[in-house]
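The primary structure of each chain is shown beneath.
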Amino acid sequence: MTAGLPLLTAAGGCRMYELRNDVPGRTMYVTLRGAMRAEEMRRFTAELEAACDVYGGRPHLCLADMKGLTVMDPEAAQLLRESIAYTRRRGVVLCAHVVDSTLARLQTLRIGIEASGPDATIDCGSVEEAERVLAHTRRQLEKEP
């Protein structure tokens, strides 16, 4: 699993994703940037699903910072849709999206809704707002047995 790696490849090129898993905080932190193609999306979704599996089906959260993400090609979008459905079946109860492009916002919102319905995704204006929304939900999860 990618834990806090910079968004750079070994060749110095731009890395399109970062994944950090805060297990005690029950939160997966995702950063997606640029024009993710199917090959990069496959690597990302494999890491995302492995991070989700750590929770063993227990409820947890996701913060997806997608500022700078451009519209995905259909194959990459399908891979993301399948991975979102996987994570929702295995415990993600809420994903807070932060997106700065209207087209990318519409695409990622549609993908999330198609994968799991409208109740598990919330669109936030900033990472700080997303953190506040997730903190509220996290407190609710802590009250559950």
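Scroll up a little and you will see the structure.
Now for a look at the structure at hand.

Procedures and definitions
Residues numbered from 1 in each chain as written. Predicted model: local features only at pLDDT ≥ 70, side-chain atom pairs only at ≥ 80, totals over all residues. Heavy atoms only, no water. Phe/Tyr/Trp six-rings, centres within 6.5 Å; stacked < 30°, edge-to-face > 60°. Lys NZ or Arg CZ within 6 Å of the ring centre and 35° of its normal. Helix = DSSP H or I, 4+ residues; strand = E, 2+ residues; numbered from the N terminus. Buried < 20%, exposed > 50% of the residue type's maximum accessible area, 1.4 Å probe, protein only. Axes fitted to C-alpha atoms, helices over the stretch in contact; angles between N-to-C directions. Parallel < 35°, antiparallel > 145°, perpendicular 65-115°, else oblique. Contact = heavy atoms within 4.5 Å. Nonpolar A, V, L, I, M, F, W, Y, C, P; charged D, E, K, R; others polar. Pairing = 2+ DSSP bridges.

1. Re the packing of aromatic side chains
This model, assessed by the stated rule, comprises one aromatic pair. In this structure, Arg20 packs its charged tip against the face of Tyr29, placed 4.1 Å from the ring centre.

2. Section: unusual backbone geometry
Even without glycine at this site, Arg26 takes up a positive phi of about 55°. Within the secondary structure layout, Arg26 lies in the loop between strand 1 (17–22) and strand 2 (27–32). The partly exposed category is assigned to Arg26, whose relative accessible area is 25%.

3. Examining the packing of helix 1 (residues 38–53) against helix 2 (residues 74–89)
Contact geometry for helix 1 and helix 2: axes closest at 9 Å, N-to-C directions at 5°. On the basis of the axis angle, helix 1 is roughly parallel to helix 2. Only Glu75, Ala76, Leu79, Leu80, Ser83, Tyr86 and Thr87 of helix 2 make contact with helix 1, whose side of the interface consists of Ala38, Met41, Arg42, Phe44, Thr45, Leu48, Glu49, Cys52 and Asp53. Of the residues belonging to the contact of helix 1 with helix 2, the class tally is nine nonpolar, three polar and four charged.

4. Notes on the environment of Arg43
Within the secondary structure layout, Arg43 lies in helix 1. Under the relative-accessibility criterion, Arg43 is labelled partly exposed at 38%. Each C-alpha atom, one on Arg43 and one on Tyr17, is 9.4 Å from the other, the two residues being 26 residues apart in sequence.

5. Some thoughts on the sheet that holds strand 3 (residues 60–65)
Strand-to-strand pairing in sheets goes through backbone hydrogen bonds, with the strands running parallel or antiparallel. Read from one edge to the other, the open sheet built from five strands follows the order 1-2-3-4-5, with strand pairing classed as mixed. Each edge of the sheet is formed by a strand with only one pairing partner; in this case those strands are strand 1 and strand 5 (121–124). Each strand of the sheet is rotated relative to its neighbour by a mean of 15°, with strand direction disregarded. Pairing of strand 4 (residues 92–98) with strand 5, which is carried by four bridges, proceeds in the parallel orientation. Opposite Val98, over in strand 5, you have Cys124 as the bridge partner. Strands strand 2, strand 3, strand 4 and strand 5 of the sheet are contacted by helix 4 (residues 127–143), whose axis makes an angle of about 175° with strand 3.

6. Side note on the side chain of Ser83
Assignment of secondary structure puts Ser83 in helix 2. Filtering out sequence-adjacent residues up to four positions away, Ser83 remains in contact with Thr45, Leu48 and Glu49.

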